[in-house]
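Residue-level structural notes
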Amino acid sequence: MTADTITAADIRINARWLIPIEPYGVVLEHQAVIIQGTKIAAVIPVAQADREFRTRETINLPHHVVMPGLINMHGHAAMSLFRGMADDLPLMTWLNDHIWPAEGRFVSEQFIADGTQLAMAEMLRTGTTTFSDMYFFPEIVAQMAHDTGMRAQVCFPLLDFPTVWGSGPDEYLSKGEALIDEWRGDDYIMPAIGPHAPYTVSDGPLSKAIGLSGKTGARIQIHLHETAFEVAEAIEKEGKRPIERLAELGALSDRTQCVHMTQLTDSDIALVAGTGAHIVHCPESNLKLASGLCPAHKLMESGVNLTIGTDGAASNNDLDLFAETRTAAMVAKVVASDAAALSAHEALHMATLNGARALGREHELGSLVAGKLADIIAIDLSDPFIQPVYDPASHLVYSNHGRAVTHSWINGVPQVQDGKLTRIDVPDLMLRVAGWAEKIRKQQAD
Ligand SMILES: [Zn+2]
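In short, a report on the structure. Within any chain, residue numbers begin from 1 and follow the written order of that chain's sequence. Thresholds applied to this predicted model are a pLDDT of at least 70 for local features of residues and 80 or more for the giving and counting of side-chain atom pairs; totals over whole chains, interfaces and linings are not thresholded and use all residues. As a rule here, side-chain values come from all non-hydrogen atoms in the structure, and water together with hydrogens is ignored.

Brief notes about the pairing of strand β2 (residues 28–36)
Pairing between strands is defined by DSSP: at least two bridges between the two strands are required. Where helices and strands are cited, they refer to DSSP runs of H or I of at least four residues and of E of at least two residues respectively, numbered from the N terminus. Where strand β1 (residues 7–18) lies against β2, 7 bridges are found, and the strand directions are antiparallel. Residue pairing across strands places Ala15 opposite Gln31, the latter belonging to β2. Pairing between β2 and strand β3 (residues 39–45): 6 bridges, direction antiparallel. Directly across from Ala32, in β3, lies its bridge partner Ile44. The loop that links β2 with its antiparallel partner β3 comprises 2 residues; one of these, Gly37, has a positive phi angle of about 65°.

Quick look at the structure:
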């Protein structure tokens, strides 16, 4: 081979193990990932990379597994500032007596900026490269994620009642449409529509949201069938289950992401499967709020695209998607009474490529394949708590936690190096977080 057949590229990552996600269920050894610009140029054996590529930077990861960055499909990032503020309470008490009053008192543009940055710091450190957000001041969240270089689906909130972000549905929808116009087509930011839940959004605004989604292609994300109470109340008031109501309105399509889905009959599952809507499973929030259990295995068998999210840090109480994936795999087995339900590889697929599919970006994200965007993470398996290694995929789901993530790149840009964040000033962030905690603690004491 002569010198002129050698291709120049930017970054080469030499990985002890590599889980590309595509093809499914594969663990490769001694692989090199070549990054050129924002994209993956090649995923090839190390010896072949020696012959074919010359890169300006080489990262050797001799004890690590390299895989695509995780996609956290549901959360309320800035709620990280409420982490641990109100625990051990049922959903409606938690919302009515604690979260909604605290939001009314504290949520502002600065709260959103600081809380979102705290959430991004935690997510980046634990392997997430793309997250979905549904919260107030989405324009700030979009700008923060873009400035940090983190990929985000930013759902603007839609509710029947006024909040700090607007006077009611009409204002939310007009501000939301402006957000969609501003960011549509952006590489990092995916603007979307976030009707809070069937019980907080009436038919009129929901129909307008569906129209806006049809016109712009923006995704709709909604909390749905989160608790038995939600379903029973809807049947009493409207004579039908929330899923039926949404289906009749035309809200369920392959642009829709249904979050939670713990209360599902076989006919609910068939209805959702038939529409192509995606499901976001948030097991730890469901467990902590005693909401119920999402039948993950049944949903996957029915052909539904099942993704995973942490929900906000106030109901979890962390944003570690590896830990969430482990919980999902464990819960799926108990719910299905089948230890084979939601295998380690299925769980990893759920946390990567399935998320990409729900975002409509499965051709660009969610697996390590040449031509896709370079959203990559590395996890160090040399620590005693994950030794010895027989099967890295098993370890990632059943033994690991997100803090073993040492490196991450988004669009080929390093975000975490040797466990340190490269683009967030952590000491400065911690000062601002301490300031908020002081104010919130004082209010709690009054
Ligand atoms: Zn939520």
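From this point, the discussion proceeds with the structure in view.
Focus on the side chain of Asn14
Within the secondary structure, Asn14 is located in strand β1. Every residue pair with non-hydrogen atoms within 4.5 Å of one another is taken to be in contact. The residues touching Asn14, leaving out its near neighbours within four places in the chain, are Gln31, Ala32, Val46, Thr58, Ile59, Asn60 and Leu61.

Here's the deal with the coordination of the zinc ion
Protein-derived coordination of the zinc ion comes from His74 (NE2), His76 (NE2), His223 (NE2) and Asp311 (OD), at a distance range of 2.1 to 2.4 Å. Donor residues for the zinc ion, ordered by position in the chain, follow H-x1-H-x146-H-x87-D. Linking His74 in the loop between β5 (70–72) and α2 (91–106) with Asp311 in the loop between β12 (306–308) and α12 (321–336), this pair joins segments that are 237 residues apart in sequence. Only nitrogen, oxygen and sulfur atoms count as donors, using a 2.8 Å cut-off from the metal that widens to 3.2 Å for Na, K and Ca. Water is left out, so coordination shells may look unfilled.

A look at the packing of helix α3 (residues 109–125) against helix α4 (residues 138–148)
For the pair α3 and α4, the least separation of the axes is 9 Å and the interaxial angle reads 40°. By the angle between their axes, α3 is oblique relative to α4. In this structure, the crossing between α3 and α4 has a hand that is right-handed. For the pair formed by α3 and α4, the contact residues are Glu109, Ile112, Ala113, Thr116, Gln117, Met120 and Leu124 on the first element and Ile140, Val141, Met144, Ala145 and Thr148 on the second. Note on residue classes: Ala, Val, Leu, Ile, Met, Phe, Trp, Tyr, Cys and Pro are nonpolar, Asp, Glu, Lys and Arg are charged, and everything else, Gly too, is polar. Across the contact of α3 with α4, the residue classes break down as 8 nonpolar, 3 polar and 1 charged. Angular values range over 0 to 180 degrees, each being the angle between N-to-C directions of two axes fitted as lines to C-alpha atoms, with helices fitted over their stretch in contact. Roughly parallel refers to an angle under 35 degrees, roughly antiparallel to one over 145, roughly perpendicular to one between 65 and 115, and oblique to any angle outside these ranges. Note: crossing handedness is left-handed where the near helix turns anticlockwise from the far helix by less than a right angle, and right-handed where it turns clockwise.

Regarding unusual backbone geometry
A cis amide bond links Glu22 to the next residue, Pro23, at an omega of 0°. Secondary-structure assignment places Pro23 in the loop between β1 and β2. A cis amide bond links Asn316 to the next residue, Asn317, at an omega of 5°. Secondary-structure assignment places Asn317 in the loop between β12 and α12. The phi dihedral of His225 is positive, around 45°, even though this residue is not glycine. Summarising the element assignment, His225 is placed in the loop between β9 (220–224) and α7 (228–238). Note on His225: relative accessible area 0%, which makes it buried. The backbone of Asp311 shows a phi angle near 65°, a positive value even though the residue is not glycine. Burial classes: relative accessible area under 20% of the type maximum marks a residue as buried, over 50% as exposed, and values in between as partly exposed (1.4 Å probe, protein chains only). Given a relative accessible area of 5%, Asp311 falls into the buried group.

Some details on the pattern of salt bridges
Close approach of charged atoms lets side chains of opposite charge pair. In what follows, salt bridge is the name for a side-chain nitrogen of Lys or Arg lying within 4 Å of a carboxyl oxygen of Asp or Glu. Enumeration over the complete set of coordinates arrives at 22 salt bridges. The closest approach of N and O atoms between Glu177 and Lys215, which form a salt bridge, is 2.6 Å. Highlighted residues: Glu177 in helix α5 (residues 169–183) and Lys215 in helix α6 (residues 203–216), separated in sequence by 38 residues. A residue is classified by how much of its surface remains accessible, and Lys215, at 58% relative accessible area, is exposed.

Considerations on the packing of aromatic side chains
Under the pairing criterion, centres of Phe, Tyr and Trp rings, with the six-membered ring standing for Trp, must be within 6.5 Å; the plane angle then separates stacked pairs below 30 degrees from edge-to-face pairs above 60, leaving the rest tilted. This model, assessed by the stated rule, comprises 6 aromatic pairs. Taking the centre distance of 6.2 Å and the plane angle of 65° together, the rings of Trp100 and Phe161 count as edge-to-face. Of this pair, Trp100 sits in helix α2 while Phe161 sits in the loop between β7 (151–158) and α5, placing them 61 residues apart in sequence. With a relative accessible area of 33%, Phe161 lands in the partly exposed category. Ring geometry for Phe156 and Trp165: centres 6.4 Å apart, planes at 35°, overall tilted. Residue Phe156 is classed as buried on the basis of its relative accessible area of 0%. On the accessibility criterion, Trp165 (2% relative accessible area) is buried. Grouping aromatic residues by their ring pairs yields a cluster made of Phe82, Phe111 and Trp436.

Looking at α3
Along an α-helix, residues three or four apart share an orientation, since each turn contains 3.6 residues. In a regular helix each residue adds 1.5 Å, so 17 residues correspond to 24 Å; α3 covers 24 Å between its end C-alpha atoms and thus fits that length. When you tally the buried positions in α3, you get 14 out of 17 residues, the bulk of the element. Looking one or two residues past α3, Gly127 carries a phi angle of roughly 100°, positive in sign. In a helix, the anticipated span is given by 1.5 Å times the number of residues less one.

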